[in-house]
Amino acid sequence: MSNHNVDHNEIAKFDALASRWWDPTSEFKPLHDINPLRLNYIDERAPLAGKKVLDVGCGGGLLSEGMARRGAHVTGIDMGEAPLAVAKLHSLESGITVDYRQTTIEALAGDPEQAGSYDVVTCLEMLEHVPDPASVISACAAMLKPGGVMFVSTINRNPKSFVFAIIGAEYVLGLLPKGTHEWRKFIRPSEMADHLRHAGLVVRELTGMTYNPITKVYRLGRDVDVNYMMFATFDNQ
């Protein structure tokens, strides 16, 4: 198993919280709140029914199960042992089948039987937690079939994201545990697009995600100053 691109401190953070992953009132409430938006965004651009999908950094399985509910054949990978245990247990309880594996995307991409075999690869809210995001993106691209589609999401790196994603979300509003994110690991959209381009992919759409602290509602839109998603395909598609 290739684990050169694993931050064990980051793994430990989410291992410690794993038992609360499926509690919509827990520290993972923001993930529960944005999951329908993420699912709809993916399903509208790459209809999930019947697709073979790889969810990279699946954690406790919120997105993986959601995509499986919509008819996708989902493999979810993560390096956190505790979140994966929670994901597997919830899958048994819900009756939704997901193939969960403890591995890195680089290790999976090195398996000739796995590489180039997925219609869709998702890597959401994960790239800001690894030492080398470009390595992850390159390995994700290697997992796609010709004509495959990739979705990524992360947090922009600028003064506004420091105020909103760290000071606001972690210290003022308490939406996330303190220390969840490190501002220096955030990724500008231009940097993300560059990583995707080097992996042979082209950004087809950039969409922002915003949070209104008064209405407590998340929305997709044009504002990419803090959270954003990208939809990418191969250059020749």
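A short note on the state of the cysteines
Under the counting rule described, the total for this entry stands at zero disulfides. Among the cysteines around Cys123, which has no disulfide bond, Cys140 carries the closest sulfur, lying 4.7 Å off. With relative accessibility at 0%, the residue Cys140 sits in the buried group.

A short note on the environment of Gly200
As for its placement among the helices and strands, Gly200 is situated in the loop between helix 8 (189–198) and strand 6 (201–212). On the basis of relative accessible area, Gly200 is assigned to the partly exposed category, the value being 34%. Distance in space between the C-alpha atoms of Gly200 and Gly116 is 13 Å, their sequence separation being 84 residues. Excluding its chain neighbours within four sequence positions, the residues that come into contact with Gly200 are Thr233, Phe234 and Asp235.

Considerations on unusual backbone geometry
Trans is the prevailing form of peptide bonds, just as negative phi is the prevailing case for residues other than glycine. In this model, Glu125 sits at a positive phi of 55°, which is unusual for a non-glycine residue. Mapped onto the fold, Glu125 is located in the loop between strand 4 (118–124) and helix 6 (133–143). At Lys216, a residue that is not glycine, the phi angle is positive and equals roughly 60°. Its place among the elements puts Lys216 in the loop between strand 6 and strand 7 (217–221).

Some details on the sheet that holds strand 1 (residues 52–56)
One open sheet accounts for eight strands, arranged 3-2-1-4-5-8-6-7; its pairing is mixed. Unpaired on one side and paired on the other, strand 3 (99–102) and strand 7 mark the two borders of the sheet. Direction aside, neighbouring strands of the sheet carry axes that sit 20° apart on average. Note: strand 6 against strand 7, five bridges, orientation antiparallel. For Gly208, the partnering residue across the bridge sits in strand 7 and is Gly221. Relative to the sheet, helix 2 (residues 29–45) contacts strand 4, strand 5 (144–155), strand 6, strand 7 and strand 8 (227–234), its axis offset from that of strand 7 by approximately 25°. Across the face of the sheet, helix 6 comes into contact with strand 1, strand 4, strand 5, strand 6 and strand 8 while running at roughly 150° to strand 5.

Scoring rules and cut-offs
Residues numbered from 1 in each chain as written. Predicted model: local features only at pLDDT ≥ 70, side-chain atom pairs only at ≥ 80, totals over all residues. Heavy atoms only, no water. Disulfide = S-S within 2.5 Å. Buried < 20%, exposed > 50% of the residue type's maximum accessible area, 1.4 Å probe, protein only. Helix = DSSP H or I, 4+ residues; strand = E, 2+ residues; numbered from the N terminus. Contact = heavy atoms within 4.5 Å. Pairing = 2+ DSSP bridges. Axes fitted to C-alpha atoms, helices over the stretch in contact; angles between N-to-C directions.

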